[in-house]
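Working through the structure, step by step
Each chain is listed here by its residues.
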Amino acid sequence: MKSVEPTVTLRVPATAEYVDLVRLTLYGIASKMGFLYEEIEDMKVAVSEACNNAVLYAYEGMGMMEIRFLIDGDALSITVKDEGKSFSVTAADAQSSPSLHGKTIDEIEAGGLGLYLMQALMDEVEVNGGAGTEVVMTKRLGRSEEMA
């Protein structure tokens, strides 16, 4: 018999009031898996950024977002999916970091840094477009660097 990876799925309105529910669910799952407090806090920031993209940009009116937590051995994959307006991430965007060096405060655009933040906090980040946007973020146990 094929083993089934445990999955928890939430389907909530794409409004800011429900992001806390997603973060609480993440906390419960990640703590049961044995992630350190700091790793969980990093994942909470990353999942908040992914949810905020759905809340702010996917819909002009009311919409829904689906969040799936997939436990695969020592890895936790979090998928945030909406069915609203999609955006594409080019390979250059996915690989590079924004350079703020030499810019004044007036030259720095607010927003748009969520993808870079997710990439910095998670082991893997994948963004899929099409019918809405799907962000898949993965964090593995034991991958954090020890503090000196």
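Residues numbered from 1 in each chain as written. Predicted model: local features only at pLDDT ≥ 70, side-chain atom pairs only at ≥ 80, totals over all residues. Heavy atoms only, no water.

**Quick word on the overall build of the protein chain**
- Counting its secondary structure elements, the protein chain contains 4 helices and 5 strands.
- Each helix (α) and strand (β) of the protein chain, taken in turn from the N terminus, gives the series β-α-α-β-β-α-α-β-β.
- Counting all 148 residues of the protein chain, 34% fall into the buried class.
- Within the protein chain, residue pairs in contact and separated by at least 24 positions form 66% of the contacts whose partners lie at least 6 positions apart.
- Accessible surface for the protein chain amounts to roughly 9200 Å². Of this, 53% is attributable to carbon and sulfur atoms. (Helix = DSSP H or I, 4+ residues; strand = E, 2+ residues; numbered from the N terminus. Buried < 20%, exposed > 50% of the residue type's maximum accessible area, 1.4 Å probe, protein only. Contact = heavy atoms within 4.5 Å. Areas by Shrake-Rupley, 256 points an atom, 1.4 Å probe, with all protein chains shown as cover.)

**Re the packing of helix α2 (residues 37-58) against helix α4 (residues 114-121)**
- In the contact formed by α2 and α4, the axes pass within 9 Å of each other and the chain directions differ by 155 degrees. Considering the angle they form, α2 stands roughly antiparallel to α4. Judged by the sense of rotation from one axis to the other, the crossing of α2 with α4 is left-handed. Side by side, α2 and α4 meet where D42, V45, A46, E49, A50 and N53 of the first sit next to G114, L117, M118 and L121 of the second.
- Within the contact of α2 with α4, the residues separate by chemical class into 6 nonpolar, 2 polar and 2 charged. (Axes fitted to C-alpha atoms, helices over the stretch in contact; angles between N-to-C directions. Parallel < 35°, antiparallel > 145°, perpendicular 65-115°, else oblique. Left-handed = near helix turned anticlockwise from the far one by under 90°. Nonpolar A, V, L, I, M, F, W, Y, C, P; charged D, E, K, R; others polar.)

**Focus: the pairing of strand β2 (residues 64-72)**
- Pairing analysis gives 7 bridges linking strand β1 (residues 7-13) to β2, with the strands arranged antiparallel. The partner of L10 across the bridge, within β2, is I67.
- Across 8 bridges, β2 lies against strand β3 (residues 75-82) in antiparallel orientation. Residue pairing across strands places I71 opposite L76, the latter belonging to β3. (Pairing = 2+ DSSP bridges.)

**So, the sheet that holds β1**
- Taken in spatial order, the 5 strands line up as β1-β2-β3-β5-β4 in an open sheet, and their pairing is antiparallel. In this open sheet, the two edge strands, each paired with only one partner strand, are β1 and β4 (124-128). When strand polarity is set aside, the average angle formed by the axes of neighbouring strands in this sheet is 15 degrees.
- The sheet contact formed by β4 and strand β5 (residues 134-140) spans 5 bridges and is antiparallel. The partner of V127 across the bridge, within β5, is V135.
- Helix-sheet contacts for α2 involve β2, β3 and β5, and the interaxial angle to β3 is about 15 degrees.
- Against the sheet, α4 touches β4 and β5, its axis set at about 145 degrees to β4.

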